[in-house]
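Descriptive analysis of the structure
Residues per chain, in single letters:
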Amino acid sequence: MKILVYSAKDFEIPYLEKANRRKYHLTFTKEALSSKTAMNAIGFDAISIFSADEACFITIEKLKDFGVKYIALRSVGYDNVNLRAASRLAIRVANVPAYSPYSIAEHATSLLLALNRKLIESNHRVDHFNFKLNHLVGFDLNNKTVGIIGTGKIGAIMSKIMHGFGCTLLGYDINENNDLIDKYNLDYTALKNLCEQSDIISLHVPLNTETHQMINEELISVMKQGVILINTARGSVINTEDVIEGLKNGNIGALGIDVYENEKGIFFKDHSRHIPNDDLLIKLNAMPNVLITGHHAFLTEEALTNIAETTIYNFDCWNSGKETENELTKPMNTI
Ligand code: NAD
């Protein structure tokens, strides 16, 4: 099987090569998949893509014409793939449903701690031998209320970590997890109530039609004054303009994000010489109480190993004519 790996980053190639054990012919390209770059897949049986790749209807149609049969996502989220089009055109798509929920939950916790204890500001001062402590006051996490929106694999680990800090947990999810109620006293409640009661809110829902811009002006207006909002899910789960307004009027005390709604084309690249023409990002970057990381919550050795192994496992299943349990879509034979 000949496989083209789109959006291949230098740091992940050794993990993919190791997991592949020379079984398949892997070709790596730094280019992201789009309707323009789909033609690079001519001559390949399969492709692998990441979250910044765009597998829209037109791109999927082109891939089909070029003979691509399989798409293996190296991510959990699959909001960037038109699964309906893939099903119709009998292109099989699989993801990596769980590579390390710890990597993401621990990163969300890092954002929270760095913001609350003002580590970035403190370190900037120390860089200039300024050891004054004014404006560096944070708060104890112990006894604070944390709202976890989305209590799936990552949200469950976030609950465990926050419980360890001595926090009271509120949860919002369309599917409740009794384990979290039993182990960590997590209390499921309505989204509005979670927003009203929480000192910290952490987002762990997938991006879909219901969660798109879920955090908007209406909900921000009922949040506790000075709430810390953490988003490691997907950028579009929050309405960035509304969140900026919330930060400006003090409703939101601090924002930590690993994902950003306009990140496609910006993240994963060096723009230091040509600052992106993106006013929202420029505004966020200018705020001292905003901490942004460039979609790297997944970047741990364990996660990269699991991503590579599951990606190759998905190809193994398809190559031997089997189904993979990670398949997101089944062929409908309606071409
Ligand atoms: P998961 O499927 O285990 O959990 C998602 C939870 O959200 C589920 O419990 C589900 O019931 C709930 N949910 C879905 N729609 C909802 C809605 N409308 N309202 C309330 N709850 C809803 O997924 P996970 O592994 O925990 O990952 C969550 C998300 O994190 C992924 O979809 C992905 O977008 C994001 N993620 C980000 C990174 C990163 O590097 N920043 C890495 C991995 C995953």
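Note that the structure is predicted; figures quoted are calculated from it, not measured.

What counts as what
- Residues numbered from 1 in each chain as written.
- Predicted model: local features only at pLDDT ≥ 70, side-chain atom pairs only at ≥ 80, totals over all residues.
- Heavy atoms only, no water.
- Pairing = 2+ DSSP bridges.
- Helix = DSSP H or I, 4+ residues; strand = E, 2+ residues; numbered from the N terminus.
- Contact = heavy atoms within 4.5 Å.
- Axes fitted to C-alpha atoms, helices over the stretch in contact; angles between N-to-C directions.
- Buried < 20%, exposed > 50% of the residue type's maximum accessible area, 1.4 Å probe, protein only.
- Right-handed = clockwise from strand over helix to strand, strands pointing away.
- Near = heavy atom within 4 Å.
- Polar contact = N/O pair within 3.5 Å; in protein donor to acceptor, adjacent residues only side chain to side chain.
- Areas by Shrake-Rupley, 256 points an atom, 1.4 Å probe, with all protein chains shown as cover.
- Nonpolar A, V, L, I, M, F, W, Y, C, P; charged D, E, K, R; others polar.
- Domains from an automatic or database assignment.
- Buried area = accessible area lost by both parts, 1.4 Å probe.
- Salt bridge = Lys/Arg side-chain N within 4 Å of Asp/Glu carboxyl O.
- Disulfide = S-S within 2.5 Å.
- 1 Å grid on protein atoms, 1.4 Å probe; cavity = no way out; pocket = protein on both sides within 12 Å on 5 of 7 lines; lining within 4 Å.
- Points joined across faces, edges and corners; volume = space filled by probe spheres on them.

Points about the sheet that holds strand S11 (residues 252–257)
Spatially, seven strands are ordered S8-S7-S6-S9-S10-S11-S12 in an open sheet, and the strand pairing comes out parallel. Every other strand in the sheet has two partners, leaving strand S8 (187–188) and strand S12 (290–292) as the edge strands with one partner each. Bridging between strand S6 (residues 145–149) and strand S9 (residues 200–203) involves four bridges; their strand directions are parallel. Of the residues in S9, the one forming a bridge with Ile149 is Leu203. Its contacts with the sheet put helix H4 (residues 101–116) on S9, strand S10 (227–231), S11 and S12, and the angle it makes with S10 is roughly 150°.

Some thoughts on the pairing of strand S3 (residues 46–49)
When a strand is regular, its side chains alternate between the sheet's two faces. Across the two faces of S3 the burial is the same, with Ala46 and Ser48 and Ile47 and Ile49 all buried. Two strands pair when backbone bridges link them, and strand S1 (residues 2–5) and S3 are joined in this way by three bridges, in the parallel orientation. Residue pairing for S3: Val5 is matched across the bridge by Ser48. Examined bridge by bridge, S3 and strand S4 (residues 70–73) share four bridges and lie parallel to one another. Bridge pairing in S4 places Ile49 opposite Leu73. Between the parallel pair S3 and S4, the chain is carried across by helix H2 (residues 57–65), and the sense of this crossover is right-handed.

Examining the site of the ligand
Neighbouring residues of the ligand: 27 residues in total, closest Tyr99, Lys153, Ile154, Asp173 and Asp258. Between the ligand and Gly152 there is a distance of 3.4 Å, counted from an oxygen atom to a backbone nitrogen or oxygen. Take Asp258: an N or O atom from its side chain is 3.0 Å from a nitrogen atom of the ligand. Protein chains bury 89% of the 860 Å² of accessible surface belonging to the ligand in isolation. A breakdown of the residues in the shell around the ligand according to their chemical character gives 13 nonpolar, nine polar and five charged.

Thoughts on the domain arrangement of the chain
We note that the domain assignment places domain 1 (2–99 + 301–319) and domain 2 (101–292) within the chain. Counting residues at the interface gives 13 residues for domain 1 and eight residues for domain 2. Around 860 Å² of area is buried between domain 1 and domain 2 when both sides are counted, 64% of it from carbon and sulfur atoms. At the junction of domain 1 with domain 2, the criterion picks out two salt bridges. Across the pair Lys264 and Glu54 runs a salt bridge whose closest N-O atoms are separated by 3.8 Å. In this structure, the connection of domain 1 to domain 2 is made through one residue pair in polar contact (both at pLDDT 80 or more). Split into classes, the residues belonging to the side of domain 1 that touches domain 2 amount to six nonpolar, three polar and four charged.

A few points about the state of the cysteines
Using the criterion set out here, one finds zero disulfides in the structure. Free cysteine Cys167: the closest other cysteine sulfur is in Cys195, separated by 17 Å. Residue class for Cys167 comes out buried when judged on its relative accessible area of 7%. By relative accessible area, which is 0% here, Cys195 ends up buried.

Here we look at the side chain of Arg92
With respect to the helices, strands and loops of the structure, Arg92 is situated in strand S5 (residues 92–94). Residue class for Arg92 comes out buried when judged on its relative accessible area of 17%. At a separation of 2.7 Å, a polar atom in the side chain of Arg92 contacts the side chain of Glu327.

Some remarks on the environment of Leu141
Of note, Leu141 is situated in the loop between helix H5 (119–127) and S6. On the basis of relative accessibility, which here comes to 7%, the residue Leu141 falls in the buried class. For Leu141, the residues in contact, after removing those within four places along its chain, are Leu112, Leu113, Asn116, Phe165, Cys167 and Ile200.

Quick look at empty space enclosed by the protein
By the definition in use, this model includes two cavities of 30 Å³ or more. Of the pockets and cavities examined, the largest cavity occupies roughly 40 Å³. In this structure, the second largest cavity encloses a volume near 30 Å³. As for the second largest cavity, its lining consists of Gly235, Ile238, Thr240, Leu255, Ile257, Val259, Tyr260, Glu261 and Leu284. Here the lining of the second largest cavity is built from residues that sort into six nonpolar, two polar and one charged.

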